[in-house]
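# Chain and residue survey
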Amino acid sequence: MSHSFRAVDQKTLLVVGCDTGVGKTVTTSALAAYWQKYRGHESLGLMKLMQTGLGDDELYQQLFSHLTHWDVVTPLKFTAPLAPPLAADQEGKTIDLGVVWQTLQAMQKNHGHVLVEALGSLGSPVTHELTVADIAALWRLETILVVPVQLGAMGQAIAQVALARQTKVKLKGLVLSCASPEAEVKVEDWATPAMLASFTHLPVLGVVPYLSDSERESLPHLAEVTAGFDLEKLAYF
Ligand SMILES: Nc1ncnc2c1ncn2[C@@H]1O[C@H](COP(=O)(O)OP(=O)(O)OP(=O)(O)O)[C@@H](O)[C@H]1O
Ligand SMILES: C[C@H](N)[C@@H](CCCCCC(=O)O)NC(=O)O
Ligand SMILES: [Mg+2]
């Protein structure tokens, strides 16, 4: 009798960005909303790696905490909206990565899929020794990079990808994010998909259009954003 052991098919996707404030939370919310709409029967672990200041965890709780079979967790939170080691220093604390790792492991154990939002950019310090890129590589997380549609975005993206390659981050693709109505019509000028793909050797998985405040808090709207994504390129989906 053949024993076919199904490999433990843990799928964790890390969402990073070219900078803070570029659309990581909007993109992560859209991916989570897509999951809820099209694969709602499957539970999801949704995690903000750690948070400084306010905003992300609060939005995730508002949007998803009613889904009782999901876990929506931010393991570490600090008050000052700064790089985590600085925010922790201000509170006389250190960054306990073990807590973050244990939360991620529990999520991977309890859910077939886990979605993690990082913070800042790939170069942002998570502790006094490690950056977001270091963590992504150490924990071997499949990662996507959110690129803001603005002049200069290509330089930022190419630099972030260079850091990812150097750190051996498993970068799977780029997501373009339009934080202003103007950005939507400037994608070809400011974040030229063909140029980004050729310089980074990564696929552009999709474009997050400009969303009004209410649309950014509407699960149906957010799910539709991801429906247009080229998700086949992500083993995750
Ligand atoms: N697609 C979008 N449509 C409209 N506004 C957007 C969009 N993406 C980003 N924004 C605006 O930019 C702000 C920052 O976006 P978001 O919170 O997703 O960035 P972030 O990369 O997660 O930031 P952080 O580093 O703080 O986690 C949003 O609060 C919103 O005002
Ligand atoms: C305050 C910001 N929103 C963000 C922290 C950004 C730190 C950036 C540090 C740097 O790269 O210089 N925190 C967070 O996403 O939880
Ligand atoms: Mg965010």
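Residues numbered from 1 in each chain as written. Chains lettered and ligands numbered in written order. Predicted model: local features only at pLDDT ≥ 70, side-chain atom pairs only at ≥ 80, totals over all residues. Heavy atoms only, no water.

The condition is simple: UniProt positions are given in the numbering used here, feature names are shortened, and annotations may be inferred rather than shown by experiment.
With an unreviewed UniProt entry as reference, the protein chain is termed ATP-dependent dethiobiotin synthetase BioD, source organism Synechocystis salina LEGE 00031. Listed in UniProt under the heading Subcellular location (unreviewed entry), the comment for the protein chain reads: "Cytoplasm".

## A word on the coordination of the magnesium ion (ligand 3)
Here is the rule: As a rule, N, O and S atoms within 2.8 Å of a metal are its donors, except that Na, K and Ca use 3.2 Å; water is not among the atoms, so sites may look incomplete. The way it works is that DSSP assigns letters per residue, a run of H or I at least four long becomes a helix, a run of E at least two long becomes a strand, and they are numbered from the N terminus. Relative accessible area decides the class of each residue, using a 1.4 Å probe on protein chains only: under 20% of the type maximum gives buried, over 50% gives exposed, and in between gives partly exposed.
Those protein atoms acting as donors to the magnesium ion (ligand 3) are Thr25 (OG1), Asp56 (OD) and Glu117 (OE), and they sit at 2.0 to 2.2 Å. Of note, the donors binding the magnesium ion (ligand 3) are all from one chain and are spaced T-x30-D-x60-E. Here Glu117 lies in strand β6 (residues 113-117) and Thr25 lies in helix α1 (residues 24-38), a separation of 92 residues in the sequence. The exposure class assigned to Glu117 is buried, which follows from its relative accessible area of 1%.

## Structural notes on the packing of aromatic side chains
The description of two aromatic rings rests on the distance between their centres and on the angle between their planes. Rules: Note on aromatic contacts: the rings of Phe and Tyr and the six-membered ring of Trp form a pair at centre separations within 6.5 Å, being stacked when their planes are under 30 degrees apart, edge-to-face when over 60 apart, and tilted otherwise.
Per the counting criterion, the structure on display carries three aromatic pairs. Taking 5.0 Å as the distance between ring centres and 45° as the angle between the ring planes, the aromatic pair formed by Trp101 and Trp139 counts as tilted. On the criterion of sequence distance, the pair formed by Trp101 in helix α4 (residues 97-110) and Trp139 in the loop between α5 (132-138) and β7 (142-148) is long-range, its members being 38 residues apart. Judged by its relative accessible area of 30%, Trp101 falls in the partly exposed class.

## Examining the environment of Thr52
Test applied: Residue contacts follow a heavy-atom distance rule, with two residues in contact if any of their heavy atoms lie within 4.5 Å. What qualifies as a polar contact is a pair of N or O atoms within 3.5 Å, subject to a donor-acceptor requirement within protein and to the restriction that residues adjacent in sequence count only when both atoms come from side chains.
Note that Thr52 resides in strand β3 (residues 51-52). Overall, Thr52 belongs to the partly exposed group, its relative accessible area being 21%. Expressed as a C-alpha distance, the spacing of Thr52 and Val26, which sit 26 residues apart in the sequence, is 17 Å. Not counting chain neighbours up to four residues away, the residues in contact with Thr52 comprise Phe78, Ala80, Pro81, Leu82, Ala83, Pro84 and Ala87. One polar contact links the side chain of Thr52 to the main-chain carbonyl oxygen of Leu82, over a distance of 2.8 Å.

## Focus on the pairing of β6
To keep things clear, this is the line we draw: Strand pairing requires that DSSP identify at least two bridges connecting the strands.
With five of its five residues buried, β6 lies for the most part within the structure. Every second residue of β6 is oriented toward a common face, with His113, Leu115 and Glu117 on one face and Val114 and Val116 on the other, all of them buried. Two strands pair when backbone bridges link them, and strand β1 (residues 11-17) and β6 are joined in this way by five bridges, in the parallel orientation. When the bridges of β6 are listed, Lys11 appears paired with His113. Taken together, the five bridges between strand β2 (residues 44-48) and β6 define a ladder with parallel strand orientation. When the sheet's bridge partners are listed, Met47 is paired in β6 with Val116.

## Quick word on the state of the cysteines
A covalent bond between the sulfur atoms of two cysteines is what we call a disulfide. Rules: Cysteine sulfur atoms that pair up within 2.5 Å are treated as a disulfide.
Throughout the structure, instances matching the rule amount to zero disulfides. With no disulfide of its own, Cys18 has Cys178 as its nearest cysteine by sulfur position, at a separation of 13 Å. Using a relative accessible area of 5% as the deciding quantity, one classes Cys178 as buried.

## Quick look at the site of ligand 2
Put simply, the test is: Here a residue is near a molecule or strand as soon as one of its heavy atoms is found within 4 Å of it. For accessible areas, the Shrake-Rupley method is used with a probe of radius 1.4 Å. Any residue's cover is judged against the shown protein chains and nothing else.
What surrounds ligand 2 is the set Thr20, Lys48, Met50, Gln51, Thr52, Pro81, Leu82, Ala83, Leu119 and Ser124. Interatomic distance of 2.8 Å between a side-chain N/O atom of Lys48 and an oxygen atom of ligand 2. Between a nitrogen atom of ligand 2 and a side-chain N or O atom of Thr52, the distance comes to 2.9 Å. Out of a free accessible area of 440 Å², ligand 2 has 69% covered by protein chains.

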